[in-house]
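Reading the structure
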Amino acid sequence: MTKTGNAPRRLLTPTGGYLRGYDYTLNPFIGCAYGCKYCYVQALPVARFRGEPWGSYAEPKRFSAEAFVRELGRAKLRGGTRIFMSSSTDPYQPAEWRVQATRSLLLTMQSAPELVDFLFVQTRSPLVARDAEILATLRDRVLVSVTLETDQEEVRRRFTPRAPTVRARIRAVEALRAHGVPVQIAVAPILPSSPDFPQLLATLADSVAIDDWFIGDGAHGRRSRAMGVDKWYLPEEREVWYRPGQARDFAELLAEQMPRDRIFLHQQGFLPPGVRQPFDERTDPEHA
Ligand code: SF4
């Protein structure tokens, strides 16, 4: 049992909606120390009612392996265990080095692989590479999605000052793939990058998910505008990099470097294999 944090009755939360194709979300922490300026979670009731600034807390949930196995067993009997980790935190918080909450969950899943239908791990932390050997044992039932919105460290610092560096994330992706773990890079939201970024992505990842401020915010850009996202851009960047259709245009650029069936746009990039559809006009809401 992890030593800190509160003890929830359940770790798995039934899901649907944006995360259709999954049965449950799994959030090993409450809060998120990365505190990205653009994080949509900070506007949700779970964060607003807390009364503390988003980014100032990340508490590991306490659990026992036996109880989690029982929970997985019940979920499996109810219909399936396709799990999205995580929807309202990053499972690889800085504190994860010490508390190993996410690692304990993975070890539990590794001990009962028949109870895990699919696990999607969404993170921006290179710490995920620490667990490469565990993740590799899930083979084709796992996909690790590493957020990398840009290849430019200055841009990364400006938009997500507390997030891990570009270089550290690239190394983590390489380490995961060296262990045979399927890895996607999530360019979401897409930020200003160098002309070499598409080539880097094509070389690095099994697949790439792309989203922008106008579809990805779920409100046709209204939420992004309300946050004042445009002010985070340099004047010379704004016109080129902050506009509707940018994800689609970047996907076209990327398609010159890698097969289209490995490129996913908007929501499709976060759905499980077998449910999601690769980038083309049918999966592009801006063509609807
Ligand atoms: S890492 Fe994810 S959950 Fe954490 S603040 Fe950033 S966007 Fe939000």
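In this text, all values refer to a predicted model and were calculated from it rather than measured experimentally.

Procedures and definitions
- Residues numbered from 1 in each chain as written.
- Predicted model: local features only at pLDDT ≥ 70, side-chain atom pairs only at ≥ 80, totals over all residues.
- Heavy atoms only, no water.
- Salt bridge = Lys/Arg side-chain N within 4 Å of Asp/Glu carboxyl O.
- Buried < 20%, exposed > 50% of the residue type's maximum accessible area, 1.4 Å probe, protein only.
- Helix = DSSP H or I, 4+ residues; strand = E, 2+ residues; numbered from the N terminus.
- Lys, Arg positive; Asp, Glu negative; His and termini not counted.
- Polar contact = N/O pair within 3.5 Å; in protein donor to acceptor, adjacent residues only side chain to side chain.
- UniProt positions renumbered as here; feature names shortened; annotations may be inferred.
- Expected span 1.5 Å × (residues − 1).
- Contact = heavy atoms within 4.5 Å.
- Phe/Tyr/Trp six-rings, centres within 6.5 Å; stacked < 30°, edge-to-face > 60°.
- Lys NZ or Arg CZ within 6 Å of the ring centre and 35° of its normal.
- Axes fitted to C-alpha atoms, helices over the stretch in contact; angles between N-to-C directions.
- Parallel < 35°, antiparallel > 145°, perpendicular 65-115°, else oblique.
- Left-handed = near helix turned anticlockwise from the far one by under 90°.
- Core = buried A, V, L, I, M, F, W, Y, C linked by side-chain atoms within 4.5 Å.
- Domains from an automatic or database assignment.

Section: the pattern of salt bridges
Going through the model one piece at a time under the given rule, you end up with 18 salt bridges. One salt bridge in this structure joins Arg-130 and Asp-131, with 2.9 Å as the shortest N-O distance. Overall, the relative accessible area of 24% leaves Arg-130 in the partly exposed class. Two residues, Arg-248 and Asp-249, come together in a salt bridge whose shortest N-O distance is 3.8 Å. Its relative accessible area of 21% is what places Arg-248 among the partly exposed residues. For Asp-249, a relative accessible area of 32% translates into the label partly exposed. One salt-bridge network, held together by shared partners, links Glu-96, Arg-103, Arg-130 and Asp-131.

Considerations on the side chain of Asp-90
Of note, Asp-90 is situated in the loop between strand S5 (82–85) and helix H3 (96–99). With no salt bridge to any partner, buried Asp-90 finds its closest opposite charge in Arg-124, at an N-O distance of 4.5 Å. A polar side-chain atom of Asp-90 sits 2.8 Å from the main-chain amide nitrogen of Tyr-92.

Observations regarding the UniProt feature "domain: Radical SAM core" (unreviewed entry) in the protein chain
Annotation from UniProt places "domain: Radical SAM core" (unreviewed entry) at residues 15–251. Each end of residues 15–251 is marked by a C-alpha atom, and these two atoms are 28 Å apart; helix forms 36% of the span and strand 14%.

Some remarks on helix H7 (residues 166–178)
Each α-helix winds once per 3.6 residues, and so residues spaced three or four apart point in a common direction. Taking 1.5 Å of rise per residue, 13 residues should cover 18 Å, and H7 covers 19 Å from first to last C-alpha, within 8% of that figure. The inward-facing, buried residues of H7 contact helix H5 (132–137), strand S7 (142–147), helix H6 (153–159), strand S8 (183–187) and helix H8 (197–204). One or two residues past the end of H7 sits Gly-180, with phi positive at roughly 85°.

Details of the environment of Tyr-22
Secondary-structure assignment places Tyr-22 in the loop between strand S1 (12–14) and strand S2 (24–26). Taking the relative accessible area as the measure of exposure, Tyr-22 reaches 4% and is therefore buried. In the structure, Tyr-22 is positioned 154 residues away from Leu-176 in sequence and 23 Å away in space, judged by C-alpha atoms. Not counting the four nearest positions on each side in its chain, Tyr-22 is found in contact with Thr-15, Arg-82, Ile-83, Phe-84, Phe-118, Phe-120, Phe-270, Leu-271 and Pro-272. A polar side-chain atom of Tyr-22 sits 2.8 Å from the main-chain carbonyl oxygen of Phe-270.

Focus: the packing of aromatic side chains
Inspection of the entire model under this criterion finds 14 aromatic pairs. Summarising the aromatic geometry, the rings of Phe-197 and Phe-250 are spaced 6.0 Å apart at their centres and angled 40° between planes, so their arrangement reads as tilted. Linking Phe-197 in helix H8 with Phe-250 in helix H11 (residues 246–254), this pair joins segments that are 53 residues apart in sequence. Owing to a relative accessible area of 0%, Phe-197 belongs among the buried residues under this scheme. Cluster of aromatic residues (ring-pair linked, three or more members): Tyr-38, Phe-159, Trp-213, Phe-214, Trp-232, Tyr-233 and Tyr-242. The ring centre of Tyr-57 lies 4.0 Å from the NZ or CZ of Arg-50, which sits over that ring. The ring of Phe-264 is capped by Arg-276, whose NZ or CZ atom sits 3.8 Å from the centre of that ring.

Looking at the packing of helix H2 (residues 65–78) against helix H4 (residues 101–111)
Where H2 meets H4, the axes come as close as 10 Å, and the angle between the chain directions of the two elements is 55°. By the angle between their directions, the pair H2 and H4 is classed as oblique. As for how H2 packs across H4, the hand of that crossing is right-handed. Residues Ala-65, Phe-68, Val-69 and Leu-72 of H2 form the contact with H4, whose participating residues are Leu-105, Thr-108, Met-109 and Ser-111.

So, the nonpolar core
The biggest cluster of nonpolar side chains holds 73 residues, and the ones touching the most others in it are Leu-119 and Trp-213. Per-domain counts for this core show at least three residues from each of domain 1 (1–123) and domain 2 (146–288). Not counting chain neighbours up to four residues away, the residues in contact with Trp-213 comprise Tyr-38, Phe-159, Pro-189, Ile-190, Leu-191, Gly-221, Ser-224, Val-229, Trp-232, Tyr-233 and Tyr-242. By size, the runner-up hydrophobic cluster in this structure holds 10 residues, among which are Tyr-22, Phe-118, Leu-143 and Ala-188.

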